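# Summary of the model geometry
What follows is each chain in one-letter form.
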Amino acid sequence: MRTYVSKILILLLLVSISLKPCSSAAVDVLPDPVPETVLAAKPQIKAPSLEEIIPLATQLTEQQAALENQIKGLPDITAMEKQYAEIDSNLSEPTRRLETIRAAERYSSVQVEGLLEVIRQQSLLCEDVNKDNAAAIRELERWRGEWLEQKNNWSQWRKLFVTEDTPAPLTAAFDQAGETIEAALNLIRPRLNAMLTAQQNAASVKRRILALSTAAGNMVITERRDVFLTTSPPILSEEYYLQFSDRSMWQGIVTEWSSIYKQENQLMRQQGWIIMIDISICLFFMMVFYQKRKILIESKRWSFLAKRPFASGWFFGTLTSLLSYNYMPAPAVWALVNVITGGISFARICNIQQQSIWKNQLVNGLVTVLVITKAMEFLNVSIPIFRLFTFLTALTGFIFCLRQAVFNARKARRNIYAALFYAGAFAFFVILIVELWGGKNATSHVFIALVDSVIIVLIFRLFINIINGGMEWAFQNSALKWKGAFTKSETHSFVRTFSHLIEFLVWGILVVPAILIIWGVYPNLKHATSHLLQFGVTFGSRRIRSLINVSAKTTL
């Protein structure tokens, strides 16, 4: 028995040993895997069957006809080149004015900033044309790739099907396909070359815009630095009044206004459609406020919208337009019209809200100064005239602020009003003294920035009042029926909490950046907002980088 079992075990061992070489041989004869790079380098093109060749050739003819219609839908290259030529021509006048200002012994940064705005508008126009051109180039390149692929496919298929004994209809189909593909490529190539040539011309225009904006920006920086170093003749001195008898000053003003007229006339022809859009926005707001006046009159915070629907609609429309000008070009003369009409509308809105006469006088005076200042900035009025306007306005402001400070202090009004008026009187007094002594030219810049900042704060307070009214409506009178879910004290608490949060956010995202732009810290709203949003605050081991997160954590 043991001998039988041992024989079986020896037999199994021999069988297992004999099977191992066979298995190894099977593994050894397997082919090595083909590298992926080789497969990618040699794509396999699926050849059609014989009966599909002629229909595919006919289908190519249909695709070529569709390509003709698609190319006709691309932007007109002639119009595009004309736009580039107009932009390049529009840069001639800013270039000349920039050289004239640079050659002058004294110039104001307001003059250069006006040129920067014109250059920025031309840059935005150039970018718009470049976007259309780039989109057309992408389409043409895609079509070119598709037809080159067709050319490659039909070339390989011809090698497979066309021989000495190939039927004539099949050979004609391949010939027709080749002619169709070549005709399609001949449609694409000249248009693509023209688009690329236009893009090359646009690059030279863009370089010119960049050079002009860099030069103007450096001049603004230099002037803002020198304005605190250079002095001007005292207003009561003979030297100051002799400037008005200088004939070259008045000739320069006439020349400057003529240049402004030419520049704005060109911009109005190019961007006149913006006026229609702005007027449509104003009419929309006016219509909404007028139709909803019965509902708006019920709210204490919104009642002014019902009492002054046309002034309110025009104000919100012009404000929307002025904010949009940070992202799209607009004629400076139309922006000035928006400032004037919007300022008058804002004064009418504030007058209906305020019960105190002195508050109405304050708003009316600020709006008047703002309108005159913006008009003088637009016309690039010479520095002596602007200094005289600054001196007279500062004198009027000093008298008004001092009078109201004493009045509020005697009537035991809010101490904050008296303190603010005393601060305003002190600021105007400093401007008066500096102008009388012929100090720095910076007084005019400080005066303009001070007026603009106060206007921004007043507009901000108006918007906060509107937002608070909207939250009260949402919690108490809306279709959400929150009135029954919260008590009156809870509703008031919610409104107050959200009001503080929104107020803090608006201060951080809109008001503070706008004031920093006014004082020359940042060049535009986008730049200022992005820098403030990146502002970081460290709490222990954590760092909150977003101003929104800081405001939310602080308020809540």
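The numbering scheme is per chain: residues are counted from 1 as the chain's sequence reads. Residue-level local features of this predicted model are given only where pLDDT is at least 70; pairs of side-chain atoms are given and counted only at 80 or more, and the full residue set underlies all totals for whole chains, interfaces and linings. Side-chain numbers here rest on the full set of heavy atoms in the structure, without hydrogens or water.

## A few points about the overall build of the chain
Here a strand is any run of E in DSSP of at least two residues, a helix any run of H or I of at least four, and the numbering for each starts at the N terminus. Per the secondary structure count, the chain includes 21 helices and two strands. The contact criterion used is simple: two residues touch if any of their non-hydrogen atoms lie within 4.5 Å. When contacts within the chain are restricted to residue pairs at least 6 apart in sequence, long-range pairs at least 24 apart make up 75% of them. Here the accessible surface of atoms and residues is derived via Shrake-Rupley with a 1.4 Å probe, and residues count as covered only by protein chains that are part of the display. Of the roughly 33100 Å² of accessible surface on the chain, 63% is carried by carbon and sulfur atoms.

## Thoughts on a nonpolar patch on the surface
Like-charged residues are merged into a patch within 9 Å and nonpolar side chains (Val, Leu, Ile, Met, Phe, Trp, Tyr) within 5 Å, provided each residue has over 30% relative accessible area and no salt bridge. Salt bridge, as used here: a side-chain nitrogen of Lys or Arg that lies within 4 Å of a carboxyl oxygen of Asp or Glu. Taken together, the side chains of F426, F429 and V430 define a hydrophobic patch exposed on the protein surface, amounting to about 290 Å² of accessible area. Take F429: it is sitting in helix α17 (residues 415–437). The class for F429 is partly exposed, based on a relative accessible area of 40%. Relative accessibility under 20% of the residue-type maximum defines a buried residue, over 50% an exposed one, and the middle range a partly exposed one, all with a 1.4 Å probe and only protein chains included.

## Observations regarding the side chain of T318
Residue position: T318 is located in helix α13 (residues 309–324). Given the relative accessible area of 1%, T318 is considered buried. Residues in contact with T318, not counting those within four places in the same chain, are C282, N338, T341 and G342.

## Focus on the confidence of the model for the chain
Low pLDDT means the predicted coordinates in that region are not meant to be read closely. For every residue, the pLDDT score states the predictor's confidence, bounded by 0 at the bottom and 100 at the top. Scored by pLDDT, the chain has a mean of 76; 74% of the residues are at 70 or more. Overall, residues 17–42 carries pLDDT values under 50, and its contacts beyond four positions in sequence, including any with other chains, amount to one contact.

## A closer look at the pattern of salt bridges
Taken as a whole, this structure holds 10 salt bridges when the rule is applied. A salt bridge links R142 to E139; the nearest nitrogen and oxygen atoms lie 2.7 Å apart. Of this pair, R142 and E139 both sit in helix α6 (residues 109–161), separated by three residues, roughly a single helical turn. Of the residues examined, R142 reaches a relative accessible area of 41% and is grouped as partly exposed. As a salt-bridge pair, D175 and R158 come within 2.9 Å of each other at their nearest N and O atoms. With D175 in helix α7 (residues 168–226) and R158 in helix α6, this residue pair connects regions lying 17 residues apart in the sequence. The network of salt bridges with shared partners includes E139, R142 and E146.

## A closer look at the packing of aromatic side chains
Here a pair means two rings of Phe, Tyr or Trp (six-membered ring of Trp) with centres within 6.5 Å. Their orientation is stacked below 30 degrees between planes, edge-to-face above 60, and tilted elsewhere. By the definition in use, this model includes 16 aromatic pairs. Feature note: the residues F284, F285, F289, F315, F316, F346 and F463 constitute an aromatic cluster, connected by ring pairs. Lying across the ring of Y290, R293 places its NZ or CZ 4.0 Å from the centre. For a lysine, the NZ atom is tested; for an arginine, the CZ atom; a charge sits over a ring if that atom is within 6 Å of the ring centre and within 35 degrees of the ring normal.

## Here we look at helix α4 (residues 77–90)
The periodicity of an α-helix, 3.6 residues per turn, causes residues three or four places apart in sequence to face the same way. Multiplying 1.5 Å by the residue count of a helix minus one yields the expected span of that helix. The end-to-end C-alpha distance of α4, which contains 14 residues, comes to 20 Å, matching closely the 20 Å that a straight helix rising 1.5 Å per residue would cover. Turning to α4, its buried residues are I77, M80, Y84, I87 and N90. Looking straight down α4, one finds its buried side chains confined to an arc of 150 degrees; they lie on one side. More than 90 degrees from the buried face of α4, the exposed residues found are T78 and K82. Under this definition, polar contacts are N or O atom pairs within 3.5 Å; protein pairs additionally need one hydrogen-donor-capable and one acceptor-capable atom, and for neighbouring residues in sequence, both atoms have to be side-chain atoms. For α4, the N-terminal cap is D76; the gap from its side-chain oxygen to the backbone nitrogen of T78 is 3.2 Å. What the arc measures is the spread of directions leading from the helix axis to the C-beta atoms.

## Looking at helix α10 (residues 273–291)
Taking 1.5 Å per residue, 19 residues should reach 27 Å; α10 reaches 27 Å between its end C-alpha atoms and fits that length. Taken residue by residue, α10 has I274, I275, D278, C282, M286 and F289 as its buried positions. The buried residues of α10 all sit within an arc of 110 degrees when viewed along its axis, so they share a single face. Turned more than 90 degrees off the buried face of α10, the exposed positions are M276 and Q291.

## Quick look at the packing of helix α14 (residues 332–353) against helix α15 (residues 357–378)
At a minimum axis separation of 9 Å, α14 and α15 run at an interaxial angle of 175 degrees. One way to sum up the angle between α14 and α15 is to call them roughly antiparallel. Only N360, V363, N364, V367, V371, K374, A375 and F378 of α15 make contact with α14, whose side of the interface consists of A332, V333, L336, V339, I340, G343, I344, F346, A347, C350 and N351. When residues are sorted by character, Ala, Val, Leu, Ile, Met, Phe, Trp, Tyr, Cys and Pro go into the nonpolar class, Asp, Glu, Lys and Arg into the charged class, and all the rest, Gly among them, into the polar class. Class assignment for the residues of the contact of α14 with α15 results in 14 nonpolar, four polar and one charged. Each axis is a line fitted through C-alpha atoms, and for a helix only the stretch in contact is used; angles between axes span 0 to 180 degrees, taken between their N-to-C directions. When describing relative orientation, an angle under 35 degrees is termed roughly parallel and one over 145 degrees roughly antiparallel, while 65 to 115 degrees is termed roughly perpendicular and anything else oblique.

## Here we look at the nonpolar core
In terms of nonpolar packing, the biggest core is built from 46 residues, with L98, W147 and W154 touching the most fellow members. The element that contributes the greatest number of residues to this core is α7, accounting for 19 residues. In this view, L98 contacts V112, L115, L212, A215, A216 and M219; residues no more than four positions away in its chain are not counted. Put simply, a nonpolar core is a bunch of buried Ala, Val, Leu, Ile, Met, Phe, Trp, Tyr and Cys residues held in one set by side-chain atoms that sit within 4.5 Å of each other.

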